[in-house]
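Descriptive structure summary
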Amino acid sequence: MKLKTFVMYICILFLLVGCNQNKFNSQSQSETNEQISHQVQSIPTHDHVYSPSDIDTPGTPYILPIKGASPKLTPSAWQRMLQWRRDILAFPKRYPNDVFVNGPNKKMVALTFDDGPDHMITPKIIATLKKENIKGTFFFIGEKVQKYPEIVKSAYNNGNIIANHSFYHDVFSKKTETEINQDLEKNSEAIRQVIGKSPALLRPPFGKTDDKLVKVAQKDHYKIILWSIDTLDWSNREQSVIQQNVLDNVRNGDIILMHTDEYTIETAKAVPTIIDELKRRGFQIVDVATLLNTSSYK
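Predicted model only: the values in this text are computed from it and were never measured. (Residues numbered from 1 in each chain as written. Predicted model: local features only at pLDDT ≥ 70, side-chain atom pairs only at ≥ 80, totals over all residues. Heavy atoms only, no water.)

**Details of the pattern of salt bridges**
Heads up, the condition is: Think of a salt bridge as a Lys or Arg side-chain nitrogen and an Asp or Glu carboxyl oxygen that are within 4 Å of each other. The helix count covers DSSP runs of H or I at least four residues long, the strand count covers runs of E at least two residues long, and both are numbered beginning at the N terminus. Any residue under 20% of the maximum accessible area for its type is buried, any over 50% is exposed, and the rest in between are partly exposed; the area is computed with a 1.4 Å probe on protein chains only.
The full count for this structure, using the stated rule, is 13 salt bridges. Among the salt bridges present, the one from K175 reaches D170, with a minimum N-O distance of 3.5 Å. With its nearest N and O atoms 3.9 Å apart, the salt bridge here joins K298 to E185. In this pair, K298 is assigned in the segment after α13 (288–292) and E185 in helix α8 (residues 177–195), connecting sequence segments 113 residues apart. Residue K298 is classed as partly exposed on the basis of its relative accessible area, which comes to 48%. Since its relative accessible area comes to 34%, E185 is described here as partly exposed. Look at the salt bridges and you will find they share partners, linking E277, R280 and R281 into a network.

**Some thoughts on the packing of aromatic side chains**
As a reminder of what qualifies: For Phe, Tyr and Trp, rings pair up if their centres lie within 6.5 Å, where Trp contributes its six-membered ring, and each pair is then called stacked (planes under 30 degrees apart), edge-to-face (over 60) or tilted (otherwise).
As enumerated under the stated definition, the model contains six aromatic pairs in all. Geometrically, the ring pair formed by F91 and Y95 is stacked, given 6.3 Å between the ring centres and 20° between the ring planes. Overall, the relative accessible area of 18% leaves Y95 in the buried class. Ring centres 4.8 Å apart and planes at 75° place the aromatic pair F167 and Y168 in the edge-to-face group.

**Section: the pairing of strand β3 (residues 137–140)**
Going by this rule: Strand pairing is assigned whenever DSSP detects at least two bridges linking the two strands.
Here β3 shows a buried face lined by T137 and F139 and a second buried face lined by F138 and F140. Looking at chain direction, strand β2 (residues 108–114) and β3 are connected through three bridges and run parallel. If you follow T112 over to β3, its bridge partner there is T137. Pairing geometry for β3 and strand β4 (residues 161–164), over four bridges, is parallel. Bridge pairing in β4 places F138 opposite I162.

**Considerations on the packing of helix α5 (residues 121–131) against helix α7 (residues 149–157)**
Our working rule: Only C-alpha atoms enter the line fits that serve as axes; for helices the fit covers just the stretch in contact. Angles between N-to-C directions range over 0 to 180 degrees. Note that the term roughly parallel is reserved for angles under 35 degrees, roughly antiparallel for angles over 145, roughly perpendicular for angles of 65 to 115, and oblique for everything else. In this scheme, a crossing is called left-handed if the near helix is turned counterclockwise away from the far one by less than a right angle; it is called right-handed if the turn is clockwise. Contact between two residues is taken to exist if any of their heavy atoms lie within 4.5 Å; hydrogens are not considered. Three classes are used, and their members are as follows: Ala, Val, Leu, Ile, Met, Phe, Trp, Tyr, Cys and Pro are nonpolar, Asp, Glu, Lys and Arg are charged, and the others, Gly among them, are polar.
It is at 10 Å that the axes of α5 and α7 come closest, and there the two elements cross at 15°. Considered as vectors, α5 and α7 are oriented roughly parallel to each other. As α5 packs across α7, the resulting crossing turns out to be left-handed. For the pair α5 and α7, contact is made by T122, P123 and I126 and by I151, S154 and A155, respectively. Its residues placed into classes, the contact of α5 with α7 shows four nonpolar, two polar and no charged.

**Examining the side chain of D118**
The test is simple: For the charge count, each Lys or Arg is scored as positive and each Asp or Glu as negative, with His and the chain ends excluded. Counted as a polar contact is a pair of N or O atoms within 3.5 Å, where, for protein atoms, one must be capable of donating a hydrogen and the other of accepting one, and residues adjacent in sequence contribute only when both atoms are in side chains.
Positionally, D118 belongs in the loop between β2 and α5. For D118, which is buried and forms no salt bridge, the nearest opposite charge comes from K144, at a distance of 7.2 Å. At 3.1 Å, the side chain of D118 and the backbone nitrogen of M120 are in polar contact. A distance of 2.6 Å separates polar atoms of two side chains, one belonging to D118 and the other to T122. Those residues within four positions of D118 in sequence are excluded, and the remaining contacts are P123, Y148, I151, T260, D261 and E262.

**Observations concerning unusual backbone geometry**
Following G116, the chain continues into P117 via a peptide bond in cis, with omega recorded as 0°. Looking at the secondary structure, you find P117 in the loop between β2 and α5. We note that F206 has phi near 65°; this positive angle belongs to a residue other than glycine. One can find F206 in the loop between β5 (201–202) and α9 (211–219).

**Let's talk about the environment of E266**
Of note, E266 is situated in helix α12 (residues 265–280). Given a relative accessible area of 21%, E266 falls into the partly exposed group. Sequence separation of E266 and I121 is 145 residues, and the distance between their C-alpha atoms is 9.5 Å.

**Quick word on the confidence of the model for the protein**
Defined as follows: Confidence of the predictor in every single residue is expressed as pLDDT, which spans 0 to 100.
Residues of the protein with pLDDT of at least 70 account for 80%, and the chain-wide mean is 87. Segment residues 1–56 is flagged for pLDDT under 50; beyond a separation of four residues in sequence, or across chains, it makes 47 contacts in the model.

**What to know about the pairing of strand β8 (residues 255–259)**
With five of five residues buried, β8 is to be regarded as a mostly interior element. Taken together, the five bridges between β2 and β8 define a ladder with parallel strand orientation. The residue bridging A110 from the neighbouring strand is I255, located in β8. Relative to β8, strand β7 (residues 229–230) runs parallel, the two being bridged by two bridges. The residue bridging D230 from the neighbouring strand is L257, located in β8.

Written out as structure tokens, the structure reads:
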């Protein structure tokens with residue numbers, strides 16, 4: 001009897017430990033989700049790097065903090081993104097004529113689209129822009145330019161800007177200056193073969209920008225175009241969240257980042273609503289070259 005009683009107590013003990021462990025795991029996951037949600041919701045949506053009085057002071061740069069959030073990012077990924085955003089703002093201050101996260105303090109914004117062309121989403125975006133009489137800026141990847149030249153030509157013929165987003169979409173920080181130059185030139189030539197012009201606007205893959213890249217861009221006569229609103233459509237993939245990231249954060253001079261690839265179906269759905277609401281609020285929607293008063297092509 002004593003042995004049976006002892007075994008029974010041991011079984012009860014294991015059951016209690018297992019229940020508590022499951023409860024702990026459930027609470028930990030819940031706390032993690034709440035942490036991400038709180039971090040996303042706690043980001044200010046309408047502040048500037050400088051106060052309004054500073055922005056209006058002659059000679060003070062108008063530089064916007066980068067906005068946009070995704071509840072689907074892990075806490076560590078979200079913190080890395082926030083750190084990148086803080087770090088990247090140093091570049092338009094140090095290189096005001098070479099690196100841009102936004103345009104001037106005027107009621108104008110630019111819609112930009114990365115990672116195309118593709119055969120499905122890019123044509124839908126082109127058609128929407130044409131219907132709304134809007135000109136966008138497409139940062140195309142060279143490999144895809146060679147694969148879908150007719151879509152590149154369609155975007156260009158409808159008045160949109162075709163810009164350089166590298167040939168292979170590699171991380172430039174891991175490459176030498178020579179390798180970066182060769183990649184950019186290969187994409188530039190691919191684009192020139194299609195539209196007869198070489199782009200003067202560059203967006204590095206993943207937004208990775210450093211002094212080495214700026215040096216190459218200066219030598220090759222590129223303007224580096226980043227963004228001040230990130231829809232995070234590659235992470236969210238929900239029309240409502242994509243729209244919210246733009247419409248809850250939009251400010252004068254914003255450069256808005258979206259993507260055109262097979263996986264951004266929700267982006268194509270969100271763009272018409274974004275355009276309609278921006279127009280309703282009185283924003284002029286222009287291409288990046290118009291926003292920055294710079295050249296589109298070399």
